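Below are the chains, spelled out letter by letter.
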Amino acid sequence: MFVLKMTRRLPNFFISPVFHIGLILFGMILRLKFYFENRSLWTDESCLAIAIVNRSFSEIWQNVEIFPELAKAPLIFLFIEKFMVTLLGNHELALRLFPLLCGLGSLILFYFFLKNTVGPKTLTLALALFAISERLIYYSAEVKQYSSDVFVSLLLCLIFTKMNHEKLRPLNIFVLSITGALAIWLSSSCLFILAGLGIILTGYCCLKKQWTRLLMLLPAFALWGISFLSLYKVSLSHMVDNQTILVTWQGALMPQPLLAWKNLIWLKSSCLNALRDPGGFRPLYLTAFFFILGSLSLFKKNRKIFFLLLLPIVLTLLAAILQKYPFRSRLLLFLLPAIFIFMAQGIVFLIKLIHKSNLGKSSPFLIGLTLFALLLYKPVEITLTNLFIPRVIEDNRFVLEAFKKHFQPGDSLFLDSSAQFSYWYYASQMNFSHTLPKENLGKRNSSLLEGHKIAQFPFSPSEHQGINYVPFRYVYHLYNTAGYFRESVVLNNGDNKNIVIENKRLPFALKGRVWLFFSTVSANNDKLKAIILSGFDKQGKRIQYLERKGASIYLYELS
């Protein structure tokens, strides 16, 4: 009897505003908890942090790049991040504050978007998925633009739904025009949202023969187009033609030629993988079933919202087919709201079908709850695990604090190619770049160049006649007067003895104290590290070392 009463009362509680507010607050707590863990910057974050901290506002505006070969973050995003650092100081919490605010704001925007577009049951399920999404929580405290991608996409969709419910007025058009034009400079991925909005608004006006409405919308479309062309000239043209980016995201773009049977396999795996990451769902085929079921249900119920949610997914996939935008992982984060809505709508639709089958009053709710729990199992497991275990990728700050504390003039430094980015960022943040010994490199444009000499392992381990070795090269790090890294200059002296051989004494002359700094966890990096350590162990004495998750530092005394 008690169970029957609860099954009758619980459905009403789960769709109540009180429960919805509880979900939003719980999602905020998860994001705030991760933010205040204040973990070290890892390699990818360090790259972007250097591009923000080490450049002035004018250099950001003029595209004076420190790493021209890497992808660029949106211009307005860089300006906001630079403002945060200028206002609050050069540290991780300041750099991650804007992504956090976007993550918190996205919870609220998503709730109001759901209220305007779907029923209360779908609202509850979709909001729950959004609140506990591991990828959304993670990127709410990451020095990256992906959290703001979600915020901007939801803002544009919410503006569209408000326009859909109201008579078109000049103020509506003005808000849509300005928001869309600025959004392009804050979030590159919102181009797919804007393209979807443009198709829906134009198509609807043409079908209904509302030519006056279409003419009123043309200024908004024109402003979006001007903003996009300006952005393309400044930034996007570099990104779509950047071979480094294409290599980095290999497999996330449809292979050539396009009309090949194997591309159907790529299409299937790419769509399923999107449900796994960033979706976070398991099992994938059950997830795909609910996604398709929800799509069909929403198409029947509200075609405008159906196309609003589906078109950005299709357009993003089309860009990947044309090899212009990778269809994978974090680059799809802005599509998660749509994925969650389709999933939730699929579950609600299935519950209605079960209800019509007359299996009993409580059965539809219990079956629906069971199915939802099955889908939530993996996301909840990951979220709860990370709630009690801090997410640490590379604890670079901790090991570099030890380097700063124990570094002595005359010490040499070796580091791998991933470690250099964290080293450059923390050298300025911890203010030890001023104390590093510098050598005169001559003049450039009448300016004296001075650099800090280090040895870098930029290549993967190699093998010759069964002997493993790692080549390295000497590089000079150049810092400005404020202690910020500006560039690195490779010393090309043609020395073929710049290698470390596995379990062999070093074939080059080096004495005194030597530091080895490693960052990034990967099988290839672990092998590189093992070869280097074996060579230095043969040459000298390991007098100090510190190993943390994803980062380690060793001090040797060589004789």
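Nothing here was measured: the structure is a model prediction, and the numbers come from that model. The numbering scheme is per chain: residues are counted from 1 as the chain's sequence reads. Under the rules for a predicted model, residues below a pLDDT of 70 receive no local features and side-chain atom pairs below 80 are neither given nor counted, while totals for whole chains, interfaces and linings still include all residues. Calculated side-chain values reflect all of the structure's heavy atoms, with hydrogen atoms and water omitted.

Account for the overall build of the chain, naming residues and giving values.
Only DSSP runs of H or I reaching four residues or more are called helices, and only runs of E reaching two or more are called strands; each is numbered from the N terminus. Counting its regular elements, the chain contains 22 helices and 11 strands. Overall size of the chain, expressed as C-alpha extent along the three principal axes, is 85 × 60 × 50 Å. Exposure is judged per residue with a 1.4 Å probe applied to protein chains only, and the accessible area is read against the type maximum: over 50% gives exposed, under 20% gives buried, and values in between give partly exposed. When the 559 residues of the chain are sorted by exposure, 53% land in the buried category. Calculation of accessible area relied on Shrake-Rupley with a 1.4 Å probe; when residues are assessed, cover is drawn exclusively from the protein chains displayed. As presented, the chain carries roughly 26,100 Å² of accessible surface, and 64% of it is formed by carbon and sulfur atoms. The convention is simple: Lys and Arg are positive, Asp and Glu are negative, and His and the chain ends are not counted. To locate a charge, the coordinates of NZ of Lys, CZ of Arg, CG of Asp or CD of Glu are taken. For the chain, the separation between the mean place of its 58 positive charges and that of its 30 negative charges on side chains is 14 Å.

I'd like a rundown of the pattern of salt bridges, residues and numbers included.
A side-chain nitrogen of Lys or Arg and a carboxyl oxygen of Asp or Glu constitute a salt bridge if their distance falls within 4 Å. Inspection of every chain in the model, using the stated rule, returns 13 salt bridges. Notably, a salt bridge pairs Arg 39 with Glu 142, separated by 2.5 Å at the nearest N-O pair. With Arg 39 in the loop between helix H2 (17-35) and helix H3 (43-53) and Glu 142 in the loop between helix H9 (134-139) and helix H10 (146-165), this pair connects stretches of sequence that are 103 residues apart. Neither residue differs from the other here; Arg 39 and Glu 142 are each classed as buried.

Provide a residue-level description of the packing of aromatic side chains, including the pertinent values.
Centre-to-centre distance and the angle between the planes together describe a pair of aromatic rings. Any two of the Phe, Tyr and Trp rings considered here, Trp counted by its six-membered ring, make a pair once their centres fall within 6.5 Å; the pair's planes then place it as stacked at under 30 degrees, edge-to-face at over 60, or tilted in between. The final tally for this structure, using the stated rule, is 43 aromatic pairs. With a centroid separation of 5.3 Å and 80° between ring planes, the pair formed by Tyr 139 and Tyr 146 is classed as edge-to-face. You'll find Tyr 139 and Tyr 146 in the same group, each marked buried. Seen from the ring of Tyr 204, Lys 304 lies directly overhead, with NZ or CZ sitting 3.6 Å from the centre. In this arrangement the basic side chain of Arg 542 is found over the ring face of Tyr 545, its NZ or CZ atom lying 5.7 Å from the centre. Definition used: whenever NZ (Lys) or CZ (Arg) falls within 6 Å of the ring centre and also within 35 degrees of the ring normal, the charge is taken to sit over that ring.

Quick one: what's the story with a positive patch on the surface, residue by residue and with numbers?
Among the surface-exposed residues, Lys 121, Lys 300, Lys 301, Lys 352 and Lys 356 lie close enough to one another that they form a single positively charged patch. For the positive patch, the secondary-structure elements that each account for two or more residues are helix H16 (284-301) and helix H18 (336-356). For patch building, the residue pool is restricted to those with more than 30% relative accessible area and no salt bridge; the joining distance is 9 Å between like charges and 5 Å between nonpolar side chains (Val, Leu, Ile, Met, Phe, Trp, Tyr).

Give a detailed account of the confidence of the model for the chain, specifying residues and quantitative values.
For every residue, the predictor reports its confidence as pLDDT, a number between 0 and 100. Scored by pLDDT, the chain has a mean of 87; 92% of the residues are at 70 or more. What makes two residues a contact is simply this: any of their non-hydrogen atoms within 4.5 Å. Here residues 1-7 is modelled with pLDDT under 50, and outside its nearest four sequence neighbours on either side it reaches five contacts, counting other chains as well.

Talk me through a nonpolar patch on the surface; I want residue IDs and the actual numbers.
Taken together, the side chains of Leu 171, Phe 174, Val 175, Ile 178 and Leu 182 present a nonpolar region at the surface, about 470 Å² in accessible area. In this structure, Val 175 sits in helix H11 (residues 170-186).

Report on the nonpolar core, specifying residues and quantitative values.
Counting residues in hydrophobic clusters, the biggest one holds 155 residues, and the most contacted among them are Leu 95, Ile 341, Phe 403, Tyr 423 and Phe 517. With 13 residues, H18 is the largest single contributor of residues to this core. Beyond its immediate stretch of four places on either side in the chain, Phe 403 contacts Leu 413, Tyr 423, Phe 432, Trp 515 and Ile 553. Working definition of a nonpolar core: buried Ala, Val, Leu, Ile, Met, Phe, Trp, Tyr and Cys residues. They are joined through side-chain atoms within 4.5 Å. Ranked by size, the runner-up nonpolar core spans 21 residues in total, among them Phe 414, Ala 455, Leu 510 and Val 514.

Can you tell me about H11, naming the residues and giving the values?
Each residue after the first adds 1.5 Å to the expected span of a helix. Across its 17 residues, H11 extends 24 Å between first and last C-alpha, which sits within 8% of the 24 Å expected from 1.5 Å per residue. Residues Asn 172, Ile 173, Leu 176, Ser 177, Thr 179, Gly 180, Ala 181, Ala 183, Ile 184, Trp 185 and Leu 186 constitute the buried set of H11.

Report on the environment of Cys 102, specifying residues and quantitative values.
When you line up the elements, Cys 102 lands in helix H7 (residues 97-117). Residue classification places Cys 102 among the buried residues on the basis of a relative accessible area of 4%. In the structure, Cys 102 is positioned 44 residues away from Tyr 146 in sequence and 9.4 Å away in space, judged by C-alpha atoms.

Break down the packing of H16 against H18 for me, with residues and values.
To obtain an axis, a line is fitted to C-alpha atoms, over the contacting stretch when the element is a helix, and the angle between two such axes runs from 0 to 180 degrees between their N-to-C directions. Contact geometry for H16 and H18: axes closest at 6 Å, N-to-C directions at 85°. Regarding the angle of H16 to H18, the classification is roughly perpendicular. Taken together, the residues of H18 that come into contact with H16 (itself represented by Thr 287, Phe 290, Phe 291, Leu 293, Gly 294, Ser 295, Ser 297, Leu 298 and Lys 301) are Ile 339, Ile 341, Phe 342, Met 343, Gln 345, Gly 346, Ile 347, Phe 349 and Leu 350. Ten residue types, Ala, Val, Leu, Ile, Met, Phe, Trp, Tyr, Cys and Pro, are classed as nonpolar, four, Asp, Glu, Lys and Arg, as charged, and the remainder, Gly among them, as polar. Among the residues making up the contact of H16 with H18, the classes are represented as 11 nonpolar, six polar and one charged. Throughout, the term roughly parallel applies to angles under 35 degrees, roughly antiparallel to angles over 145, roughly perpendicular to angles from 65 to 115, and oblique to all others.

Would you mind going over the packing of helix H15 (residues 262-276) against helix H17 (residues 303-321) in detail, with residue names and values included?
Put simply, H15 and H17 touch, their axes get as near as 12 Å, and they point 135° apart. In terms of orientation, H15 lies oblique with respect to H17. In terms of crossing hand, the pair formed by H15 and H17 is right-handed. On the side of H15, the interface is formed by Trp 266, Leu 267 and Cys 271, while H17 contributes Leu 317, Ala 320 and Ile 321. Counted by class, the contact of H15 with H17 contains six nonpolar, no polar and no charged residues. Left-handed describes a crossing whose near helix is turned anticlockwise from the far helix through less than a right angle; right-handed describes the clockwise counterpart.

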